[in-house]
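# Remarks on the overall topology
Next come the chains, spelled out residue by residue.
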Amino acid sequence: GAGVSQSPSNKVTEKGKDVELRCDPISGHTALYWYRQSLGQGLEFLIYFQGNSAPDKSGLPSDRFSAERTGGSVSTLTIQRTQQEDSAVYLCASSPQRRTGGGVRAFFGQGTRLTVV
Amino acid sequence: QKEVEQNSGPLSVPEGAIASLNCTYSDRGSQSFFWYRQYSGKSPELIMSIYSNGDKEDGRFTAQLNKASQYVSLLIRDSQPSDSATYLCATGSSSNTGKLIFGQGTTLQVKP
């Protein structure tokens, strides 16, 4: 596609429910990132995929959070038993290749605003 | 110590002035550095990348990198009110996983 697509754009859920957030990266991009941004805060790293594998999932806040990526393309971030502190904007980004010694230019989707009530 | 540090601001400059945004990082092995611009309620947008010591210019933007001092900066010349946004500094992790680490961002206000 033309850009990184995330769905839904907004999600309101009740505390304790499970939610799934979807990210469709730019076609051909092998790297995919999930970040979380609370109101007025910076980007908190959650997980990074290279292809279908996740070499770095160090940012997942708890075992209620999980993510998968299939076919080297679409990724889903699942939050189980949501809590109010999970409320934030969840941003997905993709990049075309991994550069030796560090990250590469990443392009962001518009995010999913999650509100847990 | 945060991995990437930025002054949260706000940094206020008059229209037409040079805005200088600064960032320090702790991972001495980082080799890639990025500046993103984020308007309120929008997602971050990549505006500059730099990989080597020195300056890199793109239009009104200049990124500066000093690896010895672990310091990255962004200069915006002839600042415009439309430049008012939060500017996020990001570095690539030296662990070669491709992980990008972001600072908290600096809010820039350009006053007409």
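Residues numbered from 1 in each chain as written. Chains lettered and ligands numbered in written order. Predicted model: local features only at pLDDT ≥ 70, side-chain atom pairs only at ≥ 80, totals over all residues. Heavy atoms only, no water.

### Examining the state of the cysteines
All names here are of chain A. This model, assessed by the stated rule, comprises two disulfides over all chains. Here cysteine 23 is linked by a disulfide to cysteine 92, with a sulfur-sulfur distance of 1.9 Å. Residues cysteine 23 and cysteine 92 are joined by a disulfide whose S-S torsion is about -65°; by sign, that bridge is left-handed. Highlighted residues: cysteine 23 in strand β3 (residues 19–24) and cysteine 92 in strand β9 (residues 88–95), separated in sequence by 69 residues. (Disulfide = S-S within 2.5 Å. Helix = DSSP H or I, 4+ residues; strand = E, 2+ residues; numbered from the N terminus.)

### A word on the side chain of B:Thr91
As for its position among the elements, B:Thr91 is in strand β9 (residues 85–92). In this structure, B:Thr91 is in contact with B:Val4, B:Tyr25, B:Ser30, B:Ser32, B:Phe33, B:Lys99, B:Leu100 and B:Ile101, ignoring residues within four places of it in sequence. (Contact = heavy atoms within 4.5 Å.)

### Some details on unusual backbone geometry
Looking along the chain, the bond that leaves A:Ser7 and enters A:Pro8 is cis, with omega of -10°. As for its position among the elements, A:Pro8 is in the loop between β1 (5–7) and β2 (10–13). With an omega dihedral of 10°, the bond running from B:Gly9 to B:Pro10 counts as a cis peptide bond. For B:Pro10, the position within the fold is in the loop between β1 (4–5) and β2 (11–14). Despite not being glycine, B:Gln70 shows a phi value in the positive range, around 55°. Counting through the fold element by element, B:Gln70 comes out in the loop between β7 (61–66) and β8 (71–76). On the basis of relative accessible area, B:Gln70 is assigned to the buried category, the value being 12%. Although it is not a glycine, B:Asp78 sits at a positive phi angle of roughly 45°. Positionally, B:Asp78 belongs in the loop between β8 and β9. In this structure B:Asp78 comes out as partly exposed when scored by relative accessible area, which is 41%. (Buried < 20%, exposed > 50% of the residue type's maximum accessible area, 1.4 Å probe, protein only.)

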